[in-house]
Amino acid sequence: MKEENITTTDIISDENLVYKKTDLMTDKTLSYCPGCGHGTAHRIIMEVVEEMDMTEDTIGIAPVGCSVLAYEFMNIDMQQAAHGRAPALATGIKRTWPDKMIFTYQGDGDLAAIGTAETIHACNRGENFLIVFINNGIYGMTGGQMAPTTLPGMKSSTSPYGRDVKLMGNPLKITELVAELPGTYYVTRQAVHTPANVRKTKRAIKTAFKNQMENKGGLNFVEIVSNCNSGWKMSPVDANNWMVENMFPFYPLGDIKLDGEKVNKE
Amino acid sequence: MGELRLMKGNEAIGEAAIRAGVDAYFGYPITPQSEVIEYLTAEKPEERTGMVVLQAESEIAAINMVYGAAGSGKKVMTSSSSPGISLKMEGISYMAGAELPCVVLNVVRGGPGLGTIQPSQADYFQAVKGGGHGDYKMIVLAPASVQEMADFVQTGFDLAFKYKTPVMLLSDGVIGQMMEKVELNDAVPRWTEEEIVEKSSWATTGKKGRERNIITSLDLDPSSQEKHNQKLQAKYREIIEKEVRFEEFQCDDAEYLFIAYGSSSRIAQKAVKIACERGHKVGLLRPITLFPFPEKKIQQMIAQLKGILTLELSAGQMIEDVRLAVEGKIPVKHYGRMGGIIFTPAEIVEALEQKIIGG
Amino acid sequence: MAKVKGAIVIDVDKCKGCEVCVEACPTDVIGMADEVNIKGYHFAEVKNPEDCIGCANCAIVCPDGVITVYRKKVKA
Ligand code: SF4
Ligand code: SF4
């Protein structure tokens, strides 16, 4: 049998479309460095919002940090919060608009350093919204300073000889910490560096929004371990490999709490 | 006539908020204003009107809950006292920058630092001159009675939404704690979701049938940030033009003038009477709005006056605005007490005689 | 037996040249151009169009939403 003679131009037509950037991402060029996971994380959140048909009811909160301009890229109603305060804003909105779908998008400095109190108390009160936590172990926007999640021995511009935990304290596993609180309903740690991981993370975000929609009674917390190739001073591909080798052993991927119950790892 | 009740100032604020159709109160306890949240939680406003009352983990969280809800078009308020208000200043600056309406009550106590829990007026600078960072202003209303504590909730929200700005009620421990008769307005219903979407088309209520709304105080482009600041300044000029409020007491033929706001003005009224009995022609001007300040009124009175004594429970803060208005044309002196101590009418008259009449 | 053929379109000027898509492609379709785009990045380009199976892996990992993917069933 002879193979049908088909050219690229035959394939490229609307009826054959399988993947296109969602219109819920604006056409603005992302302010992120090449290969940075923020762009992928933004996009899959917007894909879920679109697929779950909740564009008209979703309000997002942008943090201070690299993703301070998230509201420029996500084509929905957005608020920009003071550093670390996104969970407080989200509480204010969700409590007064209980039917809206609310999420915060926060980096490690925002969520696990300056905003620790807001994070923990929103989790502990069981606020019914979603926190998306991007953990890249560094302060990207201000030029690669040490973050609360910087690994032991890891270099940054304020730990130039590596993080000395005796001197600088330990990295904070805030995701494990919030999983201990009775107010969290779903806590998971994911990544977006491979197609399979992106698909998993997207499912996690969908689960989180479904929980919120069904008022499952508790906060949904999705950590995304991500790269910061500029901060880490590596090429994007090397940074992803470094992340797999160094970040994942310390911040293992997977569900930590499902349906309000801690996942038994044994 | 509305319902009459005997209430503390802090309770009157809570009751007035429920009746004014306020959507949410977020706060954190601190003396001398914890009765506000205590009253609100006891009243079950969630059953009376659907109003949300939440005790936050800090003043910082509370003001940022206010930011979130206000950014989504809701009528929201918070309250605190001096050290707590300092913590709220970040959020207030962000709200001024993002042009969000809200009402913040400060029941001022003695400072600096943790200070005392007694009444004070030492937060005038913080309220009127900024407090938070950046070129911004809040409208500042100074209630002098329990009645005004109640009334200014509605006034505050009217102004906050009219100008899309935070409004501060600058009270103190005297007004917050004292009991007086108060006439309460009849309850008005909270805005419906449809009304909010219509009234506050700028708010993040979900992108429905319009382009997305963004609430932010960030602009990385200096020229558009400057434009935004010019717009804020134009708004503040309009507020100065239209919203000055004050009260006069025996000002018509006064040769000397007390200027005092809030609880000080009540003591000053008695001082005016004593001074008159002693043969001095003294009047009292009570600024009700501290920003905008009744500068023009003071300027109109200069020709008839021999001197002004400002009376503040502080080292003298409002006096700077009085002096700016007077431009050195007549003597302006300050008399005050600090740290939570309140002056007596007799002390004031003595200060008038020594500092102004004899000075 | 039905077989699928894919094709991708790269919005060249939005590409930041991170090469994440190159790593993600199971059939080695994508390579990096020698030239640079308006941003000055060596952009991703289709090197082996015949091998594309339209799996969308490249588009899914592209942080900048640069790639559009098409797929068609063809009779073999
Ligand atoms: S769609 Fe799949 S096969 Fe085609 S270029 Fe992308 S990753 Fe490669
Ligand atoms: S992943 Fe996207 S931005 Fe990176 S090289 Fe490929 S097309 Fe360009």
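Quantities reported herein were computed from a predicted structural model and do not represent experimental measurements. (Residues numbered from 1 in each chain as written. Chains lettered and ligands numbered in written order. Predicted model: local features only at pLDDT ≥ 70, side-chain atom pairs only at ≥ 80, totals over all residues. Heavy atoms only, no water.)

**A short note on the state of the cysteines**
Here, disulfide denotes a covalent bond that connects the sulfur atoms of two cysteines. All names here are of chain B. Considering all chains together, one arrives at zero disulfides over all chains under this definition. This cysteine, cysteine 276, is not joined by any disulfide, and cysteine 251 carries the nearest cysteine sulfur, 11 Å off. In this structure cysteine 276 comes out as partly exposed when scored by relative accessible area, which is 32%. (Disulfide = S-S within 2.5 Å. Buried < 20%, exposed > 50% of the residue type's maximum accessible area, 1.4 Å probe, protein only.)

**Here's the deal with the site of ligand 2**
Lining the immediate environment of ligand 2, one finds Cys15(C), Lys16(C), Gly17(C), Cys18(C), Glu19(C), Cys21(C), Ala44(C), Cys62(C), Pro63(C), Val66(C) and Ile67(C). A per-class count over the shell around ligand 2 returns eight nonpolar, one polar and two charged. (Near = heavy atom within 4 Å. Nonpolar A, V, L, I, M, F, W, Y, C, P; charged D, E, K, R; others polar.)

**Things to note about the sheet that holds strand β13 (residues 289-291) of chain B**
Residue and element names in this part refer to chain B. Reading across from one edge, β3-β2-β4-β5-β7-β6-β13 is the order of the seven strands in this open sheet, with mixed pairing throughout. Both outer strands of the open sheet, β3 (52-55) and β13, are each paired with one neighbouring strand and no more. Recorded for the sheet is a direction-independent mean angle of 20 degrees between the axes of neighbouring strands. Across two bridges, the pairing between strand β6 (residues 139-141) and β13 is antiparallel. What sits directly across from leucine 141, in β13, is threonine 289. (Pairing = 2+ DSSP bridges. Helix = DSSP H or I, 4+ residues; strand = E, 2+ residues; numbered from the N terminus. Axes fitted to C-alpha atoms, helices over the stretch in contact; angles between N-to-C directions.)

**Looking at the nonpolar core**
Residue and element names in this part refer to chain B. If you look at the biggest cluster of nonpolar residues, it comprises 126 residues, and the most contacted ones within it are Phe26 and Ile308. A total of ten residues in this core trace back to one element, the largest contributor, which is helix α7 (residues 146-163). Each of domain 1 (3-198) and domain 2 (246-357) gives at least three residues to this core. (Core = buried A, V, L, I, M, F, W, Y, C linked by side-chain atoms within 4.5 Å. Domains from an automatic or database assignment.)

**Regarding the interface of chain C and chain A**
Each partner contributes to the interface: chain C provides 36 residues, whereas chain A provides 35 residues. Of all residues in chain C, Ile60(C), Pro63(C) and Tyr70(C) give up the largest surface area on contact with chain A, accounting jointly for 21% of the area buried on that side. Joining chain C to chain A, the criterion identifies zero salt bridges. Secondary-structure elements contributing two or more residues to the side of chain C that touches chain A are β1 (2-10), α1 (20-24), α2 (57-61) and β4 (67-75) of chain C. For the side of chain C that touches chain A, the per-class residue count stands at 20 nonpolar, five polar and eleven charged. When strand β1 (residues 17-19) of chain A meets β4(C), the two strands line up antiparallel, connected through two bridges. The residue bridging Leu17(A) from the neighbouring strand is Tyr70(C), located in β4(C). (Contact = heavy atoms within 4.5 Å. Buried area = accessible area lost by both parts, 1.4 Å probe. Salt bridge = Lys/Arg side-chain N within 4 Å of Asp/Glu carboxyl O.)

**Description of the sheet that holds strand β11 (residues 261-262) of chain A**
Pairing within the open sheet is mixed, and its nine strands lie in the order β11(A)-β10(A)-β8(A)-β9(A)-β5(A)-β4(A)-β2(A)-β3(A)-β9(B). The sheet is open, and its two borders are formed by β11 of chain A together with β9 (214-215) of chain B, each paired with just one other strand. Where strand β4 (residues 101-107) of chain A lies against strand β5 (residues 130-135) of chain A, five bridges are found, and the strand directions are parallel. The residue of β5(A) that forms the bridge with Phe103(A) is Leu130(A). Sheet contacts for helix α9 (residues 195-213) of chain A: β4, β5, β8 (184-191) and β9 (219-225) of chain A; angle to β8(A), the most-contacted strand, approximately 165 degrees. Here helix α4 (residues 59-71) of chain B sits on the sheet in contact with β3 (77-80) of chain A together with β9 of chain B, set at roughly 155 degrees to β3(A).

**Some details on the pattern of salt bridges**
By the definition in use, this model includes 43 salt bridges over all chains. Here Arg95(A) and Glu127(A) are joined by a salt bridge, their closest N and O atoms 2.9 Å apart. Of the two residues, Arg95(A) sits in helix α4 (residues 86-96) while Glu127(A) sits in the loop between α6 (116-125) and β5, which places them 32 residues apart along the sequence. Taking the relative accessible area as the measure of exposure, Glu127(A) reaches 3% and is therefore buried. Ionic pairing is found between Lys242(B) and Glu238(B), a salt bridge with its closest N-O pair at 2.8 Å. Here the residue Lys242(B) and the residue Glu238(B) both occupy positions in helix α10 (residues 222-242), the gap between them amounting to four residues, near one helical turn.

**Describing the environment of Val29(C)**
Residue and element names in this part refer to chain C. Summarising the element assignment, valine 29 is placed in the loop between α1 and β2 (30-36). Residues valine 29 and cysteine 18, spaced eleven residues apart in sequence, show a C-alpha to C-alpha distance of 16 Å. Apart from residues lying up to four places away in sequence, valine 29 is in contact with Glu45, Val46, Lys47, Asn48, Asp51 and Cys52.

**A closer look at the environment of Ser79(B)**
Residues and elements named next belong to chain B. Relative to the helices and strands, serine 79 resides in strand β4 (residues 76-80). For the pair serine 79 and glutamine 177, spaced 98 residues apart in sequence, the C-alpha to C-alpha distance is 14 Å. Non-local contacts of serine 79, meaning those with residues more than four positions away in its chain, are made with Tyr25, Phe26, Tyr28, Gln33, Val36, Lys88 and Leu105. Reaching out from serine 79, the side chain makes a polar contact with the side chain of tyrosine 25 at a distance of 2.6 Å. Within the local environment of serine 79, its side chain forms a polar contact with the side chain of glutamine 33, the two groups lying 2.5 Å apart. (Polar contact = N/O pair within 3.5 Å; in protein donor to acceptor, adjacent residues only side chain to side chain.)

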